[in-house]
Amino acid sequence: MGATLKAVTTTEGTPPFSFSAEGLAECQRIIARYPEGRSKSALLPILHIAQAENDGWLSVNAMDAVAQVLGIQHIEVYEVASFYSMYNLHPVGKHLLEVCHTSPCMIRGSDDIVAYLEKKLNIHVGETTKDGMFTLKTVECLGSCGTAPMLQCGAKYHENLTPDKVDALIESLRNQPRNNYTDR
Amino acid sequence: MGRKLLLEHVNKPGIQGLEGYRANGGYRSVEKALKTMGPEAVLEEVKKSGLRGRGGAGFPTGLKWSFMAKPPGIPRYLVVNADESEPGTFKDRYLMERIPHMLVEGMITSSFALGANTSFIYIRGEYFYVSRILERAIEEARAAGWLGKNILGSGFDHDIHVHVGAGAYICGEETALLESLEGKRGNPRIKPPFPAVKGLYECPTVVNNVETIAAVVPIVNDGGEEYAKIGIGKSTGTKLISAGGNIKRPGVYEIELGVSCEEFLNSDEWCGGVEGRALKAVIPGGSSVPIIPAELYFKTAKFETRLMTYESLSDGGFATGTMLGSGGFYAYNDAQCIVRSTWNHSRFYRHESCGQCSPCREGTGWMEKILYRLEHGQGRTADIDLLWDIQRRIEGNTICPLGDAAAWPVASAIRHFRDEFEYHATHPTKVKDPKHFEKEPFRRVAKAVV
């Protein structure tokens, strides 16, 4: 069985964080979209960049760096990061598998896909495999009900899942770099 | 075959790009509006069309636009709601992915009518890859002069930005969306003031669904009267329906409002019939609208043919009707368990409640727990009345409609499928198997509802 996900609310034992040059340039491009004095609007998109540059999760250090870029209080970042489900406040495996389990997917067999993944990866939902390769989560409706059951990994939707398709996906992911939502 | 106004060219090669879109008549509405009509005339056409908000509420779009305050010297905004998160709904994703320029075109034309020089697309974070498609389309449009300063020499300036959310159903509620766009938690605002008076950055703002804004394109091209010829009564035009669940042909379909429910479900043009077994229930407009049993889906309580329109689907009120909502259609066959589905819905609303209002924050959690125990063979018959009592105290007692949306699925499930809830309380061993109705469907007795 794997390690359970738990929010990390301290900087202790977490690596320092600073944006890459490209990341910082992207932050500035995003800030420029909003009217003068309204740069806080860029908070959600910039948190996505920070998460992508911090191994798929938001440490306190990463959130503090975001506050610095936007010139806002740390708490303004924490309260937002903790509200939205796509921000991980805990370390995640290299590949975060998010299986939709809301009713339209449930009707089309998402429970079976979740059970299959749990057995295959030998973890429960909400856990990371011992080798740090996969984290399994269930999420609410991803707007892919016509192609259910499905899961999201980074920016990609994997749809009309069957056990065979899940097998193929897991094998192909093993050799891939981390997938982020922000991937182009 | 019904008329298609939004998806007519969806399968044309290159339609995703500007060139292919232009080749199929794209951006004509911008030319027409900016060169020959003027803002007031565009608003008039939208009013005449009878277009109603396609996000779920069905509020008349022209009327919403006419509420836009116009204080001098203060910017106005158009914000497109692409936070599509209502379970069962995936039509906007389809439209934005396949014909991104149609949304861009609709936004320019609509912004011209509203006097907005900046507009935003608020798209749910999970659709990150769709946001890239939209950004590309906006870049193309900007390079070709459809966006920027002095568009087509009209003196009208406009620019569009894509803003990506981060996973929160509540941000589909327009004031929560605006909070989120300002970089805050998605807590809905108390209304009034309405966004048309104080919206984004306290400026007058119109928030419209993706499909609503796309529909402005054919309305301006062909005229509001032409659009209003399609449909029945106050349900004019076409509607995108995203169909899923136990049907043979899931997908996104554009229907003329007024198609019969039976035809929509059984015709090979659309859903292609129920998959595998008999139809048990339907949710026609996203998980928030009441679930109705098969017999009430086909016929109203007055034994009239039920149609895919705002009015016909809600005929009979909540006692025997439902709503068109967002067009997030999903069907249940008789292998499905209504209690399990209702538990699933309540879990969804508990997860998505922003937590501001006690009835919703606490009530959704209580309902989820009670439904969990009923579904897992730990419930008792008194739980059914307890659930009824809780949902009744949520409805109408919250700042935003999420409370109602959480209450209605529970209320309608108990109203129409009470015997199935009772069965769960009295057959704990049977329901412990999660697929308890797979081998043998639950035999419900259709009854008149008071």
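Since the structure is predicted, the reported quantities are computational estimates derived from the model, not experimental observations.

Chemist: Quick question: what am I supposed to make of the overall build of chain B here?
Modeler: The number of helices and strands found in chain B is 19 helices and eleven strands. Relative to its length of 450 residues, chain B is compact, with a C-alpha radius of gyration of 22 Å against a globular reference of 22 Å. Along the first, second and third principal axes, the C-alpha set of chain B runs to 75 × 45 × 35 Å. Counting across all 450 residues of chain B, residues that qualify as buried make up 58%. Taking all contacts inside chain B whose residues are at least 6 apart in sequence as the whole, residues at least 24 apart take part in 73%.

Chemist: For this particular structure, what's the right way to read the overall build of chain A?
Modeler: Scanning chain A from terminus to terminus reveals seven helices and six strands. Scanning chain A from its N terminus toward the C terminus, one meets helices and strands in the order β-α-α-α-α-β-α-α-β-β-β-β-α. In terms of overall dimensions, chain A is globule-like: its C-alpha atoms have a radius of gyration of 17 Å, near the 16 Å expected for 184 residues. For chain A, the C-alpha atoms occupy an extent of roughly 50 × 35 × 30 Å along the three principal directions. Counting all 184 residues of chain A, 45% fall into the buried class.

Chemist: Is there a simple way to explain unusual backbone geometry in this structure?
Modeler: Peptide bonds are trans in most cases, and residues, glycine excluded, mostly fall at negative phi. Along the chain, A:Ala148 connects to A:Pro149 via a cis peptide bond; the corresponding omega equals -5 degrees. Structurally, the position occupied by A:Pro149 is in the loop between β4 (134–139) and β5 (151–153). That bond from B:Pro192 to B:Pro193 is cis: its omega, 0 degrees, falls within 30 degrees of zero. Tracing the backbone through its elements, the reader meets B:Pro193 in the loop between α8 (174–181) and β4 (205–209). Of note in this structure, B:Glu202 is not a glycine but carries a positive phi near 65 degrees. By secondary structure assignment, the location of B:Glu202 is in the loop between α8 and β4. For B:Phe303, which is not a glycine, the phi torsion comes out positive at approximately 65 degrees. With 7 C-beta atoms packed within 10 Å, B:Phe303 lands in the exposed category.

Chemist: How do you make sense of the interface of chain A and chain B when you look at a structure like this?
Modeler: Frequently, the measure chosen for interface size is the accessible area that the parts lose on association. Each partner contributes residues to the interface: chain A has 37 residues there, and chain B has 48 residues. Contributions of two or more residues to the side of chain A that touches chain B are made by α2 (43–52), α4 (74–81) and α5 (103–107) of chain A. Within the side of chain A that touches chain B, the residues separate by chemical class into 20 nonpolar, ten polar and seven charged.

Chemist: It is not clear to me how the domain arrangement of chain A should be interpreted in this structure. Could you clarify?
Modeler: Residue and element names in this part refer to chain A. Domain annotation for chain A reports domain 1 (3–81) and domain 2 (95–174). If you look at the interface, domain 1 gives four residues, while domain 2 gives five residues. Its residues assigned to classes, the side of domain 1 that touches domain 2 shows two nonpolar, two polar and no charged.

Chemist: Can you walk me through the sheet that holds strand β3 (residues 159–164) of chain B in this structure?
Modeler: Hydrogen bonding along the main chain pairs the strands of a sheet, whether they run parallel or antiparallel. Residues and elements named next belong to chain B. With respect to topology, four strands assemble into an open sheet ordered β3-β2-β1-β4, the strand pairing being parallel. One side of each edge strand has no neighbouring strand; the edge strands of this open sheet are β3 and β4. Within this sheet the neighbouring strands show an average axis-to-axis angle of 20 degrees, counted without direction. Pairing analysis gives five bridges linking strand β1 (residues 77–82) to β4, with the strands arranged parallel. Note that in β4 the partner of Leu 78 across the bridge is Val 206.

Chemist: For this particular structure, what's the right way to read the confidence of the model for chain B?
Modeler: The predicted structure's coordinates, where accompanied by low pLDDT, should not be read in detail. Counting all residues, the mean pLDDT for chain B is 96, and 98% of those residues have values of 70 or more. Taken over the whole predicted complex, pTM reads 0.97, whereas the ipTM for its chain interfaces reads 0.96.

Chemist: Even after reading the chapter, I still don't get the environment of A:Tyr157, so can you show me in this structure?
Modeler: Residue and element names in this part refer to chain A. Tracing the backbone shows Tyr 157 in strand β6 (residues 156–158). On the neighbour-count criterion, Tyr 157 (19 C-beta atoms within 10 Å) is partly exposed. Note: C-alpha distance between Tyr 157 and Glu 98 (59 residues apart in sequence) is 9.6 Å. Excluding anything up to four places from it in sequence, Tyr 157 contacts Ser 144, Met 150 and Gln 152.

Chemist: Is there a simple way to explain the nonpolar core in this structure?
Modeler: Nonpolar side chains in soluble globular proteins generally cluster together in the buried interior. A:Ile46, A:Leu47, B:Val79, B:Val80, B:Leu95 and B:Leu103 are the most contacted members of the largest nonpolar core, which has 186 residues in total. When residues no more than four places from it in sequence are discounted, the contact partners of A:Leu47 are A:Leu58, A:Val66, A:Ala81, A:Tyr87 and B:Ala166.

Chemist: Before we go on, may I ask you to explain the domain arrangement of chain B in this structure?
Modeler: All names here are of chain B. Segmenting chain B into domains produces domain 1 (18–224), domain 2 (232–333) and domain 3 (338–431). Between the C-alpha centres of domain 1 and domain 3 the distance comes to 35 Å. Split by residue class, the side of domain 1 that touches domain 3 holds six nonpolar, two polar and one charged.

Chemist: Is there a simple way to explain helix α3 (residues 39–49) of chain B in this structure?
Modeler: Because the α-helix completes a turn every 3.6 residues, residues three or four places apart line up on one side. Residue and element names in this part refer to chain B. Residues of α3 that are buried include every one of Val 42, Leu 43, Glu 45, Val 46 and Ser 49, and no others. For α3, the buried positions fall inside an angular range of 160 degrees around the axis, keeping them on one side. Looking at the buried positions of α3, the neighbouring elements they touch are α2 (28–37), α4 (61–66), α6 (100–114), α9 (210–222), α10 (224–228) and β6 (235–236). Gly 50 occupies a position one or two residues after α3 and carries a positive phi of about 75 degrees.

Cut-offs used in this document
Residues numbered from 1 in each chain as written. Chains lettered and ligands numbered in written order. Predicted model: local features only at pLDDT ≥ 70, side-chain atom pairs only at ≥ 80, totals over all residues. Helix = DSSP H or I, 4+ residues; strand = E, 2+ residues; numbered from the N terminus. Rg over C-alpha atoms; globule rule 2.2 N^0.38 Å. Buried ≥ 20, exposed ≤ 12 C-beta atoms within 10 Å, placed from the backbone. Contact = placed C-beta atoms within 7 Å. Nonpolar A, V, L, I, M, F, W, Y, C, P; charged D, E, K, R; others polar. Domains from an automatic or database assignment. Pairing = 2+ DSSP bridges. Axes fitted to C-alpha atoms, helices over the stretch in contact; angles between N-to-C directions. pLDDT = per-residue confidence, 0-100. Core = buried A, V, L, I, M, F, W, Y, C linked by C-beta atoms within 7 Å. Arc of directions from axis to C-beta.

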